[in-house]
Structure formats: C-alpha cells, structure tokens
Amino acid sequence: MPSQVDRALPILSLILSLLSLFIILLMTFNPPPMHEVSPWRKPSVGVVFSLICILGILAAVSPKRCSRALHGEEKLSNITYRKIKGHHPDCEAFSTHVIKMGGRTLCAACTGLFTGGVMALTASTLYFSGLWGVEGMELQLILIGILGVAQIFLKPRLRATFRILANALFPIGASLVLIGVDGLFKSLFASMFLNALIVFWIMTRIIVSNWRHLKICFECKSPCGFSGKTV
C-alpha cells in the first residue's frame, strides 16, 4: 500500500494549487501597482508559455512516457499488467478513462489535454503577438480561467466524454488566467511567476491523477489480470 508520504504529497500539492488560485482571485479584485513599460514582456512571457504548451502536447501524444507519470509504475512494481490499452490497465475499473476512436483505444484525459493544449497555444499566440486585445475583459478571463483550472482538481469520477472536456478546460483555463493577469498587471515578474505556477498546477494534476489511479488499483477487487509479482 502507498506510504503516508505518498498520501500526503497529493493533498499538499492540491491545497497549494487551490490556494494559489484563491490568491490570484484576491489580487484580481485588488491589483497592485505593478505596471511596467517593457517591449519584451509579451514576447518573453508568450515564448515561455508556448514551450509549456508544446511540451504538454507532446506528452499527451506520447502514451508510454505519460503512463509513467500518471500511473507511477515504479510504485506499482509489484503488479504485472496483462494488457495495457490507452496506457491504462485493460481493466473494468479504468473503462471510463479510455475512449475508442477508429479502432484504437485512446486515453480520454490525454485526448482532452491535447485538444485543450492546442487551443491554449492558439489563444496565447494571438494575445502575445498582439493580434488579440483583451482590454476590459481581463477580469472575466481570469474568473473563467480559474474555474477551468480548479475543476480538474475537484472533478468527481466522470464518463470518458466528460473526462475529455474536463481535461481540455485545464490548459485553456491556464491560458486565460495568464492572459488576464498579463493584461491586468502588465508586469513581467507577475506573468513569469504565473508561468511557474502553471507548471506547478500541471505537476499537481499529474500527482493527483497518479494517486487516484494507484487508489483504484489497490482497492480493485476484480480479477483483471494482476499477478502480484515483481516485474
């Protein structure tokens, strides 16, 4: 069974992520005087966020690497899977975690993250290149974005279709928070710090998903092909 440390890490990461969203919300209604006049702010922030999106998209289309992060295979080294589909165990307990498209089994979460990542990359590129102005919409963007990010941490067990939607909203929400904060604060430090927070949110999502998957495996009573022997 997972150790006390393994159980504490997801909870701590979740608390810190939700707390950071709450702090952003408070600062949105009471923005500090942080305006800077720098021609490099938008390009710099945009490039960093674009790299985050691209890496996320690549991770979503690389099931084997994604599987190591989501399932914590090193922590399940005493379990042997009979078959893996959509980088999930071919088990009834994970039936809502995968979808079938064109005869292939795909991970619902990764499909959503890929779709949302592409949309987030598009939105941020339009904003940071100056093709999309958000003057007067910053508050709305931040509020919608916070909801998009928070729901991924609080979501209950979902069907595959809704799992795709929930995971797509996560990167989209992160991009809207970044765009809104950059437009409202106009601060290189604030925007870069938010980029760092987005990376932390991604890591939290991985840690929490990993914990949920481990919990499903350890609590599962169905004979789904686990040998119980060390790989």
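Just so you know, these numbers come straight off a predicted model, no measurement behind them.

A.B. asks: Any chance you could explain the overall build of the chain here in plain terms?
C.D. replies: Of regular secondary structure, the chain possesses 7 helices and 4 strands. Mapped in sequence order, the helices and strands of the chain form the string α-α-α-β-β-β-β-α-α-α-α. Across the 231 residues of the chain, 43% fall into the buried class. In the structure as shown, the chain presents an accessible area of about 12,600 Å², 69% of it carried by carbon and sulfur atoms.

A.B. asks: Explanation requested: the packing of aromatic side chains in the structure shown.
C.D. replies: The description of two aromatic rings rests on the distance between their centres and on the angle between their planes. Inspection of the entire model under this criterion finds 3 aromatic pairs. Here the guanidinium or amino end of Lys42 rests over the ring plane of Tyr127, the centre of that ring lying 4.3 Å away.

A.B. asks: What am I meant to see in the packing of helix 2 (residues 41-60) against helix 4 (residues 108-128) here?
C.D. replies: Packed helices, taken two at a time, are described by the angle between their axes plus the distance between the axes. At a minimum axis distance of 9 Å, the contact between helix 2 and helix 4 shows a crossing angle of 165 degrees. Overall, the two elements helix 2 and helix 4 adopt an arrangement that is roughly antiparallel. Our pair here, helix 2 against helix 4, has a crossing hand that is left-handed. Facing Arg41, Lys42, Val45, Gly46, Phe49, Ser50, Cys53, Ile54, Ile57 and Ala60 of helix 2, the residues of helix 4 in contact are Cys110, Leu113, Phe114, Gly117, Val118, Ala120, Leu121, Ser124, Thr125, Tyr127 and Phe128.

A.B. asks: Just to check I follow, could you spell out helix 2 for this structure?
C.D. replies: Count 3.6 residues to each turn of an α-helix, and residues three or four apart come out pointing the same way. Along its 20 residues, helix 2 runs 29 Å from first to last C-alpha, staying within 8% of the 28 Å computed at 1.5 Å per residue. Buried within helix 2 we find Arg41, Val45, Gly46, Phe49, Ser50, Ile52, Cys53, Ile57 and Ala60. With its buried residues spanning 165 degrees around the axis, helix 2 presents them on a single face. Set apart from the buried face of helix 2 by more than 90 degrees, the exposed residues are Val47 and Leu55. Residues of helix 2 that are buried make contact with helix 4, helix 6 (160-185) and helix 7 (188-219).

A.B. asks: Sorry, what's going on with the environment of Arg41 here?
C.D. replies: If you trace the backbone, Arg41 turns up in helix 2. Arg41 sits in the buried class, given a relative accessible area of 9%. C-alpha separation for the pair Arg41 and Leu188, spaced 147 residues apart in sequence, amounts to 5.3 Å. Among the polar contacts listed, one links the side chain of Arg41 to the side chain of Asp182, at a separation of 3.0 Å.

Parameters at a glance
Residues numbered from 1 in each chain as written. Predicted model: local features only at pLDDT ≥ 70, side-chain atom pairs only at ≥ 80, totals over all residues. Heavy atoms only, no water. Helix = DSSP H or I, 4+ residues; strand = E, 2+ residues; numbered from the N terminus. Buried < 20%, exposed > 50% of the residue type's maximum accessible area, 1.4 Å probe, protein only. Areas by Shrake-Rupley, 256 points an atom, 1.4 Å probe, with all protein chains shown as cover. Phe/Tyr/Trp six-rings, centres within 6.5 Å; stacked < 30°, edge-to-face > 60°. Lys NZ or Arg CZ within 6 Å of the ring centre and 35° of its normal. Axes fitted to C-alpha atoms, helices over the stretch in contact; angles between N-to-C directions. Parallel < 35°, antiparallel > 145°, perpendicular 65-115°, else oblique. Left-handed = near helix turned anticlockwise from the far one by under 90°. Contact = heavy atoms within 4.5 Å. Expected span 1.5 Å × (residues − 1). Arc of directions from axis to C-beta. Polar contact = N/O pair within 3.5 Å; in protein donor to acceptor, adjacent residues only side chain to side chain.

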